[in-house]
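Close look at the chain arrangement
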Amino acid sequence: MTVAWKAQQELGNRSMIRLMAWVALFWGRSAARALLFPICFYYLCRSPTTNRTLRAYYMRARGRWPSRRDLFHHYHWFASTILDRVYFLRGRFDRFDITISGADLLSSALAGGRGCLLLGSHLGSFEVVRALGLAREQIDIKVLMDEQNAPLMRGFFREINPAVADNVLQVGRLDTMLRVQECLDGGGIVGIMGDRLTSHHQAVYCDFLGAKAPFPTGAIRLAHAVRAPVVMFFGLYQGGRHYHVHLELLSEQIHLSSEQREDDIRHWTQRYADRLAHYSRQAADNWFNFYDFWQLSV
């Protein structure tokens, strides 16, 4: 069976993306944001399947059917976070108002010099995580991800900042675990997404916004293997230049017992799903999983 989000075709074209980045870097953010309106209207009109999944999501998160205006707003906030990545990848965090709640938890997790895992999601912007590195004197931050996801965008962001490729660890490579361990041993942070399946074989069903949804278990298994603290990360976009980063401790150390390993995995994954649901209700317009999250396959 095909994992739902992998079956979707990536929208957009390289020329338009390059034009947007050029406008952003040479004409400024305001000019680039003005171009987002026709682009978002275009996607709103030509994405009936995505519109249906967003409507279903809003019913779960907010208990109401979103208007067409709500859907446009959702696309616009997503496009805004994509645009802001151009500046984040260039290290221009001074252009933004970034509030960080729970910074003390991260400091405690890193205090022993062991490093920690940062468990994120596709709610809001994960790219703003790089601001944490600047706040902590350029701490080493690696991101573990499947680079086959959205290859057009990934390739473009490498053009914006080629050094970012060195900070991305590809899931499934033979040397990935070694590089994760090296980063943690050096007191760094390894970021990983906890809300998208890469394989049906490592899925666990959790209660999420009133129904069962499949979640990946790779992050919990990794946390058990490396014995590092796990801090949850939610980088919520609040409009304009404002981001609010929420950091919460999932566990100082995750241990999966041999006797009830699957139950332990389900327990920790459900704790993550509960916090993801909390912030999804709080900031529904930051939900950037544009597919039926509750459907295992298509």
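Before going into details, it helps to say that this report is about the structure given with it. (Residues numbered from 1 in each chain as written. Predicted model: local features only at pLDDT ≥ 70, side-chain atom pairs only at ≥ 80, totals over all residues. Heavy atoms only, no water.)

**Re the overall build of the chain**
Secondary structure summary: the chain contains 10 helices and nine strands in total. The long-range share in the chain, meaning contacts at least 24 apart out of those at least 6 apart in sequence, stands at 75%. About 13700 Å² of surface is accessible on the chain, with carbon and sulfur atoms providing 52% of the total. (Helix = DSSP H or I, 4+ residues; strand = E, 2+ residues; numbered from the N terminus. Contact = heavy atoms within 4.5 Å. Areas by Shrake-Rupley, 256 points an atom, 1.4 Å probe, with all protein chains shown as cover.)

**Observations concerning the pairing of strand β7 (residues 211–216)**
Burial analysis of β7 places five of its six residues in the buried class, the great majority of the element. Of the strand pairs in this sheet, strand β6 (residues 203–208) and β7 are connected by six bridges, and their pairing is antiparallel. When the bridges of β7 are listed, A203 appears paired with P216. (Buried < 20%, exposed > 50% of the residue type's maximum accessible area, 1.4 Å probe, protein only. Pairing = 2+ DSSP bridges.)

**Re the nonpolar core**
If you look at the biggest cluster of nonpolar residues, it comprises 46 residues, and the most contacted ones within it are F208 and F215. Sort the elements by how many residues they give to this core and helix α10 (residues 261–282) lands first, with seven residues. Apart from residues lying up to four places away in sequence, F208 is in contact with A213, F215, A273, L276, A277, S280, W287, F293 and W294. In terms of nonpolar packing, the next biggest core, distinct from the first, is built from 42 residues, A79, F93, V129 and F290 among them. (Core = buried A, V, L, I, M, F, W, Y, C linked by side-chain atoms within 4.5 Å.)

**Section: the environment of H244**
With respect to the element layout, H244 can be found in strand β9 (residues 242–251). Classification of H244 by relative accessible area gives buried; the value is 17%. Measuring from C-alpha to C-alpha, the distance between H244 and I100 comes to 6.0 Å, with 144 residues separating the pair along the chain. Apart from residues lying up to four places away in sequence, H244 is in contact with T99, S101, F234, G235, L236 and Q238. A polar contact is formed between the side chain of H244 and the side chain of S101, at a distance of 2.6 Å. (Polar contact = N/O pair within 3.5 Å; in protein donor to acceptor, adjacent residues only side chain to side chain.)

**Details of the side chain of T50**
Locating T50 in the fold gives a position in helix α3 (residues 48–62). Classification of T50 as buried rests on a relative accessible area of 14%. Not counting residues within four places of it along the chain, the set of residues in contact with T50 comprises Y75 and F290.

**So, the sheet that holds strand β3 (residues 141–145)**
With mixed pairing, the seven strands of this open sheet are ordered in space as β1-β9-β8-β2-β5-β3-β4. Single-partner strands in this sheet number two, and they are β1 (97–101) and β4 (168–170). Strand-to-strand twist in this sheet, taken as the mean axis angle between neighbours without regard to direction, amounts to 25°. Pairing between β3 and strand β5 (residues 189–193): four bridges, direction parallel. Among the inter-strand pairings, K142 is bridged to a residue of β5, identified as V190. Contacts from α10 reach β2 (116–120), β8 (230–237) and β9, with the element oriented near 160° to β9. (Axes fitted to C-alpha atoms, helices over the stretch in contact; angles between N-to-C directions.)

**Overview of α10**
Count 3.6 residues to each turn of an α-helix, and residues three or four apart come out pointing the same way. Taking 1.5 Å per residue, 22 residues should reach 32 Å; α10 reaches 32 Å between its end C-alpha atoms and fits that length. Taken as a whole, α10 has its buried residues at D264, I265, W268, T269, Q270, Y272, A273, L276, A277, Y279 and S280. (Expected span 1.5 Å × (residues − 1).)

**Here's the deal with the packing of helix α8 (residues 176–185) against helix α9 (residues 218–226)**
Viewed as axis vectors pointing N to C, α8 and α9 meet at an angle of 60°, and their least axial separation amounts to 12 Å. By the criterion of interaxial angle, the relationship of α8 to α9 is oblique. The handedness of the crossing between α8 and α9 comes out as right-handed. Residues M177, V180, Q181 and L184 of α8 form the contact with α9, whose participating residues are L222, A225 and V226. (Parallel < 35°, antiparallel > 145°, perpendicular 65-115°, else oblique. Left-handed = near helix turned anticlockwise from the far one by under 90°.)

**Focus on the pattern of salt bridges**
Here the structure, examined in full by the defined rule, presents eight salt bridges. For D84, the salt bridge is made with R29, and the minimal N-O distance between the two is 2.8 Å. Of the two residues, D84 is situated in helix α4 (residues 68–89) and R29 in helix α2 (residues 29–46); the sequence distance between them amounts to 55 residues. Residue D185 pairs with R114 through a salt bridge whose shortest N-O separation is 3.3 Å. Here the residue D185 occupies a position in helix α8, and R114 occupies one in the loop between α5 (103–110) and β2, the gap between them amounting to 71 residues. (Salt bridge = Lys/Arg side-chain N within 4 Å of Asp/Glu carboxyl O.)

**So, the packing of α3 against α10**
Two numbers describe a pair of packed helices, the interaxial angle and the distance between the axes. For the pair α3 and α10, the least separation of the axes is 9 Å and the interaxial angle reads 100°. Relative to α10, α3 is oriented roughly perpendicular. Contacts between α3 and α10 involve Y57, A61 and R62 from the former and S280, R281 and Q282 from the latter.

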